[in-house]
Amino acid sequence: MTVLDRTDRTPVDTTKSGHEAVGAVARPLGVGLALAALATVVWSGSFVTSRALHDTVPPIQHAFWRWIIAIAAVAPFAVRATWRQRALLRRHIRFLLLASLLGVTVYNTLVNQAGMTTTAGNMGMIMAASPVLMAGYERLGGTRLGARRVTGMLVACAGVLLLVSKGSLDMDFAVGDLWVIAGAFSFGSYSALLKRRPAELGGLPFLFSTFVLGALMLLPVFVASLSIQGGFEPTVGTVSPLLYVGVVSSAIAFFAWNKAISLIGAARAGVVYYLQPVCVALLSFALLGEAMGWLQILCMGLILGGVVLGSAAGSPSVRVRDRA
């Protein structure tokens, strides 16, 4: 008889000792948490670049070139595997189109648009609400989140709300804040959708396909942006951030995030995602000179405490499945 961990579906042999069984579950949990943290830290830099480029690179063009660079970065590693799975990709084209629309075309474009009228710190704080949506999707799918994870999520969410409200009940949102809220819904939906990725579809073919499809869906509005707004001047100040978001924040971070969700689920990865406003606040303070006072530090403590509480491994939650 084998058991499956409810989060990552990793088979565990029940003939092993209790410590060995816990270890078998904890290993993928640790790797998944590390990958989710890597993606979160890297993505934090994307909010800083979106804000830094808001007056030099139009948002649509920022998004389009990001994905063109990401495609070029991933292609040497993914083209052959993608070609081998072309029939499978065609069979699941609706799923791929929806994932591409939510995670590639819409999400980052909304964040870039938000950078025109709100701070990088606000973008990171508001995006941290997306794990609530991830957890909600998982709960609707029948996954039990557990008291510890829910408590950690609530503590972290309280820190985010306190940070966004500046310690007041009066929520004063800029137009850019509303764009980020829409982006949070898009990213949360994308992350929840990843759990439905066909098991036989490899990670690199999926990643490469969504990048290509997402860029193709952006192409018409990119052409419109060029005709209306004109292009931008390629300088060190514009090309370097685009290389960062294309290679590091897209190719590497999306692969790490997708793998993390396959190992630990969207809800648990979402708890780690609460680290993002902390990282964004520190980066925006260091690189853009955005203010950070005692309230930000207090809220960071709440967010970090919630992440530690909500992502900690407890006793493995399992259900039994016969070998037959």
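Residues numbered from 1 in each chain as written. Predicted model: local features only at pLDDT ≥ 70, side-chain atom pairs only at ≥ 80, totals over all residues. Heavy atoms only, no water.

Brief notes about the overall build of the protein chain
If you tally the helices and strands in the protein chain, you get 13 helices and three strands. Scored against the burial criterion, the 324 residues of the protein chain give a buried share of 52%. (Helix = DSSP H or I, 4+ residues; strand = E, 2+ residues; numbered from the N terminus. Buried < 20%, exposed > 50% of the residue type's maximum accessible area, 1.4 Å probe, protein only.)

Some thoughts on the nonpolar core
The biggest cluster of nonpolar side chains holds 63 residues, and the ones touching the most others in it are F187, F211 and W257. With residues near it in sequence (within four places) discarded, W257 still touches A36, A39, T40, W43, M134, F187, S191, L194, A269, G270 and Y273. Ranked by size, the runner-up nonpolar core spans six residues in total, among them I69, F232, L242 and V245. (Core = buried A, V, L, I, M, F, W, Y, C linked by side-chain atoms within 4.5 Å. Contact = heavy atoms within 4.5 Å.)

Let's talk about the packing of helix α9 (residues 203–229) against helix α10 (residues 236–264)
Close contact between α9 and α10 brings their axes to 11 Å; oriented N to C, the two are set at 130°. The angle between α9 and α10 places the two elements in the oblique class. Between α9 and α10 the crossing geometry is right-handed. Contact with α9, carried on its side by L204, F206, L207 and F211, involves S250, A251, F254, F255 and N258 of α10 and no other residues of that element. By residue class, the composition of the contact of α9 with α10 is seven nonpolar, two polar and no charged. (Axes fitted to C-alpha atoms, helices over the stretch in contact; angles between N-to-C directions. Parallel < 35°, antiparallel > 145°, perpendicular 65-115°, else oblique. Left-handed = near helix turned anticlockwise from the far one by under 90°. Nonpolar A, V, L, I, M, F, W, Y, C, P; charged D, E, K, R; others polar.)

Thoughts on the packing of aromatic side chains
The tally for this structure, following the rule as stated, stands at 14 aromatic pairs. Look at W67 and F211: their rings are 4.9 Å apart centre to centre, the planes differ by 45°, and that puts the pair in the tilted class. Remark: F211 occurs in helix α9 and W67 occurs in helix α2 (residues 59–84); sequence separation between them is 144 residues. The exposure class assigned to F211 is buried, which follows from its relative accessible area of 0%. Here W67 and F254 contribute two aromatic rings whose centre-to-centre distance is 5.5 Å and whose plane-to-plane angle is 75°, an arrangement assigned as edge-to-face. Separated by 187 residues along the polypeptide, W67 in helix α2 and F254 in helix α10 bring together distant segments of the chain. F254 shares its class with W67; the two are buried. (Phe/Tyr/Trp six-rings, centres within 6.5 Å; stacked < 30°, edge-to-face > 60°.)

Side note on the confidence of the model for the protein chain
In the predicted model, the protein chain carries a mean pLDDT of 78, and 77% of its residues have values of at least 70. Counting interchain partners and residues more than four positions distant, the pLDDT-below-50 stretch residues 1–12 has 46 contacts. This stretch, residues 313–324, has a pLDDT under 50; its non-local contacts, to residues over four places away or in other chains, come to 24 contacts. (pLDDT = per-residue confidence, 0-100.)

Looking at the environment of P277
Relative to the helices and strands, P277 resides in helix α12 (residues 276–288). The class of P277 is buried, set by a relative accessible area of 1%. In this structure, the C-alpha to C-alpha distance between P277 and I126, residues 151 residues apart in sequence, is 8.0 Å.

Points about a nonpolar patch on the surface
A grouping of L38, V247 and I252 is seen on the molecular surface, where their side chains present a nonpolar patch of about 220 Å² in accessible area. Along the chain, I252 falls in helix α10. (Patch = residues over 30% accessible without salt bridge, like charges linked within 9 Å, V, L, I, M, F, W, Y side chains within 5 Å. Areas by Shrake-Rupley, 256 points an atom, 1.4 Å probe, with all protein chains shown as cover. Salt bridge = Lys/Arg side-chain N within 4 Å of Asp/Glu carboxyl O.)

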